[in-house]
Amino acid sequence: FTYGRWCHLECWRVPYKVWSALPGQEDPRSKDPAVIDLLLRGMNEVLLTGIFELPDEDRMRLVRHVMDPSNWARAPKKELMPKPLAEAP
């Protein structure tokens with residue numbers, strides 16, 4: 001599954017790997033657009049592509065979008081650990 005090739009920022013769900021790398025909502029840094037911008041720039045070519053190509057105005061729209069938890073994709077469900085194989089007799 002990919003989050004790529006989206007056309008409207010409003011339609012984009014911020015992937016778990018992106019929002020989970022940000023400061024928690026209780027952390028005051030999570031409310032600072034400059035901090036979030038810096039963190040997103042650090043994700044360029046790792047989790048995101050094209051951050052540096054965005055004009056400043058569009059990049060700040062992206063930052064505000066990422067800062068809003070209502071835009072976040074759900075966290076993946078933890079897979080159940082497989083049951084150990086029964087001992088052979």
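Residues numbered from 1 in each chain as written. Predicted model: local features only at pLDDT ≥ 70, side-chain atom pairs only at ≥ 80, totals over all residues. Heavy atoms only, no water.

**Quick look at the overall build of the protein**
Part 1 of the reasoning: Scanning the protein for helices and strands turns up three helices and zero strands.
Part 2 of the reasoning: Start at the N end of the protein and walk to the C end: the helices and strands fall as α-α-α.
Part 3 of the reasoning: In the protein, buried positions account for 30% of the 89 residues.
Part 4 of the reasoning: Total accessible area computed for the protein in this model is approximately 7,200 Å², and 58% of it derives from carbon and sulfur atoms. (Helix = DSSP H or I, 4+ residues; strand = E, 2+ residues; numbered from the N terminus. Buried < 20%, exposed > 50% of the residue type's maximum accessible area, 1.4 Å probe, protein only. Areas by Shrake-Rupley, 256 points an atom, 1.4 Å probe, with all protein chains shown as cover.)

**Section: the packing of helix 2 (residues 33-42) against helix 3 (residues 56-67)**
Part 1 of the reasoning: Relative orientation of the contacting elements helix 2 and helix 3 amounts to 100°, with a least axis distance of 9 Å. As far as their axial angle goes, helix 3 and helix 2 are roughly perpendicular. Residue-level inspection shows Pro33, Ile36, Asp37, Leu40 and Arg41 of helix 2 in contact with helix 3, the latter providing Arg59, Met60, Leu62, Val63, Val66 and Met67.
Part 2 of the reasoning: Across the contact of helix 2 with helix 3, the residue classes tally to eight nonpolar, no polar and three charged. (Axes fitted to C-alpha atoms, helices over the stretch in contact; angles between N-to-C directions. Parallel < 35°, antiparallel > 145°, perpendicular 65-115°, else oblique. Contact = heavy atoms within 4.5 Å. Nonpolar A, V, L, I, M, F, W, Y, C, P; charged D, E, K, R; others polar.)

**Some details on the side chain of Asp37**
Part 1 of the reasoning: Following the sequence through the fold, Asp37 ends up in helix 2.
Part 2 of the reasoning: Those residues within four positions of Asp37 in sequence are excluded, and the remaining contacts are Arg59, Met60 and Val63.

**Overview of the environment of Asp27**
Part 1 of the reasoning: Assignment of secondary structure puts Asp27 in the loop between helix 1 (16-19) and helix 2.
Part 2 of the reasoning: Since its relative accessible area comes to 18%, Asp27 is described here as buried.
Part 3 of the reasoning: Within the structure, Asp27 has its side chain in polar contact with the side chain of Arg29 (distance 2.7 Å). (Polar contact = N/O pair within 3.5 Å; in protein donor to acceptor, adjacent residues only side chain to side chain.)

**Points about helix 3**
Part 1 of the reasoning: With twelve residues, helix 3 should cover 16 Å at 1.5 Å per step; its first-to-last C-alpha distance of 16 Å lies within 8% of that length.
Part 2 of the reasoning: Looking only at helix 3, the buried set comprises Arg59, Leu62, Val63, His65, Val66 and Met67.
Part 3 of the reasoning: Looking at the buried residues of helix 3, the elements they touch are helix 2. (Expected span 1.5 Å × (residues − 1).)

**A word on unusual backbone geometry**
Part 1 of the reasoning: Of note in this structure, Glu45 is not a glycine but carries a positive phi near 70°.
Part 2 of the reasoning: Structurally, Glu45 is set in the loop between helix 2 and helix 3.
Part 3 of the reasoning: Residue Glu45 is classed as exposed on the basis of its relative accessible area of 55%.

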